[in-house]
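Take a look at the letters that make up each chain.
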Amino acid sequence: MEVQAHFKFVVETTRDSQTALVDMHAHAVFLFLCCFLFPRTTRPAPVAHPASTLRDTLERARMLADKIAEQIPAPHAQVSLHATFWHGRVLTFDLSWQTGDLEMMAAALGIPPAPVLKPLAANFDVDTCVSRMSTGVQLFQELLGVLSARLDGLEGLRADLRDLFARITEIHKAIRPGDTQPVPDSAAELASRLHGDYEVQVAAQVTLGRLRSFAHDLIRSLRDIAGHVTAR
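Right, let's walk through the structure included here. (Residues numbered from 1 in each chain as written. Predicted model: local features only at pLDDT ≥ 70, side-chain atom pairs only at ≥ 80, totals over all residues. Heavy atoms only, no water.)

Quick notes on the environment of glutamate 59
In step 1: Summarising the element assignment, glutamate 59 is placed in helix 2 (residues 50-71).
In step 2: Its relative accessible area of 36% is what places glutamate 59 among the partly exposed residues. (Helix = DSSP H or I, 4+ residues; strand = E, 2+ residues; numbered from the N terminus. Buried < 20%, exposed > 50% of the residue type's maximum accessible area, 1.4 Å probe, protein only.)

Some details on the environment of glutamate 103
In step 1: For glutamate 103, the location among the structural elements is in helix 4 (residues 99-109).
In step 2: For glutamate 103, a relative accessible area of 43% corresponds to the partly exposed category.
In step 3: For the pair glutamate 103 and proline 113, spaced 10 residues apart in sequence, the C-alpha to C-alpha distance is 9.0 Å.

Observations regarding the pattern of salt bridges
In step 1: Under the defined criterion, the tally for this structure stands at 6 salt bridges.
In step 2: When the shortest N-O distance is used, the salt bridge between arginine 60 and glutamate 170 registers 3.8 Å. Note that arginine 60 is positioned in helix 2 and glutamate 170 in helix 6 (residues 155-175), a separation of 110 residues in sequence.
In step 3: Relative accessible area serves as the criterion here: at 42%, arginine 60 is assigned to the partly exposed category.
In step 4: Glutamate 170 sits in the partly exposed class, given a relative accessible area of 32%.
In step 5: When the shortest N-O distance is used, the salt bridge between arginine 220 and aspartate 217 registers 3.7 Å. With a gap of 3 residues between them, arginine 220 and aspartate 217 both fall in helix 8 (residues 197-231), about one helical turn apart.
In step 6: Residue classification places aspartate 217 among the partly exposed residues on the basis of a relative accessible area of 26%. (Salt bridge = Lys/Arg side-chain N within 4 Å of Asp/Glu carboxyl O.)

Pasting the structure below:
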């Protein structure tokens, strides 16, 4: 009896082990089939297209340039209240008839001219245009930095110019990765020639008038570059 009972226990234990082994194999096969038939897919995070990112940066830069152009009449009007005279004439915001006089005064005060921004062409490509935009914005940052030490009301323009320079730097890096930006003509000479209020007012009139004109040219250039990027 003891032998039969022991034999029965061995048989049942073996059967249970075989059943457990079969179940384990079945589970493994089931997992394999699930992985094969229903592969786990992961969606990669969306990556912005370089051209799309560049267009967004160009638009942000254009909006900043537009804001700068709209701000200029306010500080310019404030400067005009001091009634600066040149050969007995009051300097006004309409500088068309005073171009020669202003250019002569700007040269006397050591104010460098802003870079010329021309329409895109074979001899004036995107790289050249962006480099000149960068140089011009840096130049006006320096000029306003000198003037803000003698005049109030220029802080907003200086802050917007810093933001605009940051955007143009992004554009420059997107177009010419690793390329260095040119260093503009220094405005240090202007600071040494602002002896009195007269020179300060004239320098402010010249600088703000040139900045408004440069901002309008910059807006046009940014639109040209955006169209060039879209057409590629």
